[in-house]
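# Structural overview
So the chains spell out like this:
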Amino acid sequence: MKRFKILLILFSFISSYTLFSCTAEDDIESIFYDKTWYITGASINGVKLNGSDIKTLYNEIETYYVFFGSNNTFTCILDRYCHITGIWTADGKNQMFDITIKELTNTNNNVLSTNLYNIIKNVKIYKGDTNNLTLSQDGQNYINLSINKNIPSL
């Protein structure tokens with residue numbers, strides 16, 4: 001009987017360890033598939049966008065956004081002239097992210113678009129959920145995105 005109790009305790013311990021030691025994995029489909037994300041901020045070389053740069057993100061309705069398709073394609077519109085298309089991949093377990101640019105139209109129109117493009121093409125990590133997302137090249141260069149394009153009060 002004593003052996004049975006020991007085995008039962010050992011089995012319970014192993015079962016609970018296995019059940020609770022699993023690492024969480026992001027649901028890539030709910031975060032990315034067929035969603036439009038609006039650029040709401042960024043850090044370029046460790047300097048966050050200032051008030052006038054952020055207002056630029058909101059000047060025109062159909063600018064400064066990224067659409068991630070469920071077929072792993074993406075479309076990014078920065079300013080009126082800068083359009084980017086390509087392929088994206090994400091790993092929900094370690095939050096690694098990769099973008100391959102397939103087509104690019106005019107990044108030299110303005111400094112803000114050029115800087116954002118340089119971050120987008122070098123993104124390595126994503127963090128966030130279904131409402132807010134950060135695409136990061138490194139700790140100093142990242143883009144903040146939101147599912148809503150609400151004009152901030154500055």
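We now turn to the structure provided with this report. (Residues numbered from 1 in each chain as written. Predicted model: local features only at pLDDT ≥ 70, side-chain atom pairs only at ≥ 80, totals over all residues. Heavy atoms only, no water.)

Our focus in this paragraph is helix H3 (residues 51-58). Within H3, the full set of buried residues consists of Ile54, Leu57 and Tyr58. An end-on view of H3 places all buried positions within 95° of arc, on one side of the element. Contacts made by the buried residues of H3 are with strand S1 (35-44) and helix H4 (111-121). Put simply, asparagine 50 is the residue that caps the front of H3, since its side-chain oxygen is 3.1 Å from the backbone nitrogen of serine 52. (Buried < 20%, exposed > 50% of the residue type's maximum accessible area, 1.4 Å probe, protein only. Helix = DSSP H or I, 4+ residues; strand = E, 2+ residues; numbered from the N terminus. Arc of directions from axis to C-beta. Contact = heavy atoms within 4.5 Å. Polar contact = N/O pair within 3.5 Å; in protein donor to acceptor, adjacent residues only side chain to side chain.)

Counting 33 residues, the largest nonpolar core has Phe32, Phe68, Leu78, Phe97 and Leu116 as its most contacted members. If one sorts the elements of this core by residue count, H4 sits on top with five residues. Not counting chain neighbours up to four residues away, the residues in contact with leucine 116 comprise Ile39, Ala42, Leu57, Tyr64, Leu78 and Ile143. (Core = buried A, V, L, I, M, F, W, Y, C linked by side-chain atoms within 4.5 Å.)

Most of strand S9 (residues 142-146) is tucked away, with four of its five residues classed as buried. Here five bridges tie S1 to S9, and the two strands are oriented antiparallel to one another. Its bridge partner being in S9, tyrosine 38 is matched across the sheet by serine 146. Bridging between strand S8 (residues 132-136) and S9 involves five bridges; their strand directions are antiparallel. Each residue of the ladder has a partner; that of serine 136, found in S9, is tyrosine 142. The turn joining S8 and S9, which pair antiparallel and follow one another in sequence, is formed by five residues. (Pairing = 2+ DSSP bridges.)

Our focus in this paragraph is unusual backbone geometry. In this structure, asparagine 45 takes a positive phi of about 55° despite not being glycine. Under the relative-accessibility criterion, asparagine 45 is labelled exposed at 57%. Although it is not a glycine, glutamine 95 adopts a positive phi angle of roughly 60°. For glutamine 95, the position within the fold is in the loop between strand S5 (83-91) and strand S6 (96-105).

By secondary structure assignment, the location of aspartate 79 is in the loop between strand S4 (73-77) and S5. With a relative accessible area of 5%, aspartate 79 lands in the buried category. Spatially, the C-alpha atoms of aspartate 79 and threonine 56 are 9.1 Å apart, while their sequence positions differ by 23 residues. Among the polar contacts made by the side chain of aspartate 79, one reaches the side chain of asparagine 110 at a distance of 3.1 Å.

On to H4, then. Among all positions in H4, only Leu112, Ser113, Leu116, Tyr117, Ile119 and Ile120 are buried. An end-on view of H4 places all buried positions within 165° of arc, on one side of the element. Two or three places before leucine 112, at the start of H4, stands the capping residue asparagine 110, its side-chain oxygen 3.1 Å from that residue's backbone nitrogen.

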